[in-house]
Amino acid sequence: MPPREDGSVLVGDIAYSTEEWESLLAKNLDSLKKLWPKTNGVVNIPYKISNPEVSTAKLKGAFSAWESKTCVKFSKMAKSDKYMEYLDFVITGTTCSSNIGYTKGKITSVNLPSSCSFKAFKHELGHSMGLRHEMNRSDRDKHIIVISGVKYKPGFDSQFALMNTINFDIPYDYCSIMHYTDKVGSENYEHTMLALDARFQTLMGWCSTNITHWNYKLVNTMYNCTDDWLKACKQESDPCKNGGYTRKDCSCACPLGTSGDKCENLDMNYNDAMAKKLSYYTAIIKTSGAKVTSPDYPKPSGMG
Ligand SMILES: [Zn+2]
């Protein structure tokens, strides 16, 4: 999102002054300084694995999932490397967690015990790059109801705060890899969130085990990857329509529900397309009093 000549930044039809923009970004990312530095178009994030018990298979898979569609590169530190800021993969306790983004002079700790799923690895790497949870977005009240009066598990009281985020024109995504499931945080396994689009009630936070189009678009926008690619592709503005964006190879990454090389055909909005794709999960099953169980029930997911 490059500033215009007068220093203001245009998002959709809203122009932010430099000061407004920085303060909004600060609220979204803690601080602009939470972004890892970018050199020659690559956001290089050095890392070290302090605990050899951290699953390298899941870690490598999560690295390549992010790297394949962004300009972020995770690179293992050599013994001689003397970075002050890097990701340190550790195991402390049983909760998957991560610090948010880059902090000058500090190590970003990513805690990945063996109970963390492959999805949780991708989620925590999202935090380590600066992403926050989807349900903290400034526009979340148009998409979910955060239920009040819930008895939260310790540490969850502040997890549902409304943050004054700037969302880069990227739509709210129930299937974001950064979205919690609908009962996360409740001491008594009650709902903590209701989906205003009821199709996503049981699907929120579950519906994609993969990093979604909007997750990638957010990272590529935050780190200006797309702007660099547009320049390299000799494009003055992004030719990709309907929420698509230009990738490294100059083709368009298109959201679900669109078609055409430039995502120019809006066949269905994203939520409709996603709900349709997932309809076999939401089909009504009629049983005659049979007991239905699901393997991980009632444990929601191994994510922090
Ligand atoms: Zn998280």
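Residues numbered from 1 in each chain as written. Predicted model: local features only at pLDDT ≥ 70, side-chain atom pairs only at ≥ 80, totals over all residues. Heavy atoms only, no water.

Per an unreviewed UniProt entry, the protein chain carries the name Metalloendopeptidase and comes from Hyalella azteca.

Q: Which parts of the structure should I look at to understand the overall build of the protein chain?
A: The secondary structure content of the protein chain amounts to seven helices and 14 strands. Once local pairs closer than 6 in sequence are excluded, the contacts in the protein chain between residues at least 24 apart make up 64%. As displayed, the protein chain has an accessible area near 15900 Å², and 53% of this comes from carbon and sulfur atoms. (Helix = DSSP H or I, 4+ residues; strand = E, 2+ residues; numbered from the N terminus. Contact = heavy atoms within 4.5 Å. Areas by Shrake-Rupley, 256 points an atom, 1.4 Å probe, with all protein chains shown as cover.)

Q: Even after reading the chapter, I still don't get the packing of aromatic side chains, so can you show me in this structure?
A: Here a ring pair, both rings aromatic, is described through the centre-centre distance and the interplanar angle of the planes. This model, assessed by the stated rule, comprises 12 aromatic pairs. Both rings, one in Phe156 and one in Tyr180, keep their centres 6.3 Å apart while their planes meet at 50 degrees; by these two values the pair is tilted. With a gap of 24 residues between them, Phe156 in the loop between strand E9 (144-146) and strand E10 (193-195) and Tyr180 in the loop between E9 and E10 connect regions that are remote in the sequence. By relative accessible area, Phe156 is classed as buried at 18%. Summarising the aromatic geometry, the rings of Phe160 and Tyr180 are spaced 6.4 Å apart at their centres and angled 70 degrees between planes, so their arrangement reads as edge-to-face. Remark: Tyr180 occurs in the loop between E9 and E10 and Phe160 occurs in the loop between E9 and E10; sequence separation between them is 20 residues. The exposure class assigned to Phe160 is buried, which follows from its relative accessible area of 5%. (Phe/Tyr/Trp six-rings, centres within 6.5 Å; stacked < 30°, edge-to-face > 60°. Buried < 20%, exposed > 50% of the residue type's maximum accessible area, 1.4 Å probe, protein only.)

Q: I keep staring at the pattern of salt bridges and nothing clicks. Help me out?
A: Two side chains that carry opposite charge are able to pair once their charged atoms sit near each other. Per the counting criterion, the structure on display carries seven salt bridges. The salt bridge involving Arg137 is made with Glu134; its shortest N-O contact spans 3.7 Å. Notably, a salt bridge pairs Arg199 with Asp272, separated by 2.9 Å at the nearest N-O pair. Highlighted residues: Arg199 in the loop between E10 and helix H4 (213-222) and Asp272 in helix H6 (residues 270-277), separated in sequence by 73 residues. Counted as one network, the salt bridges with shared partners bring together Glu134, Arg137 and Asp139. (Salt bridge = Lys/Arg side-chain N within 4 Å of Asp/Glu carboxyl O.)

Q: In this structure, what is going on with the nonpolar core? I would like to understand it.
A: Grouped burial of nonpolar side chains is what soluble globular proteins tend to show. Core analysis: the biggest nonpolar cluster contains 65 residues, and Trp66, Phe74, Leu87, Phe89, Phe200 and Tyr223 have the highest contact counts within it. Those residues in contact with Phe200, other than ones at most four positions away along the chain, are Tyr174, Cys175, Ala195, Cys207, Asn271, Met274 and Ala275. (Core = buried A, V, L, I, M, F, W, Y, C linked by side-chain atoms within 4.5 Å.)

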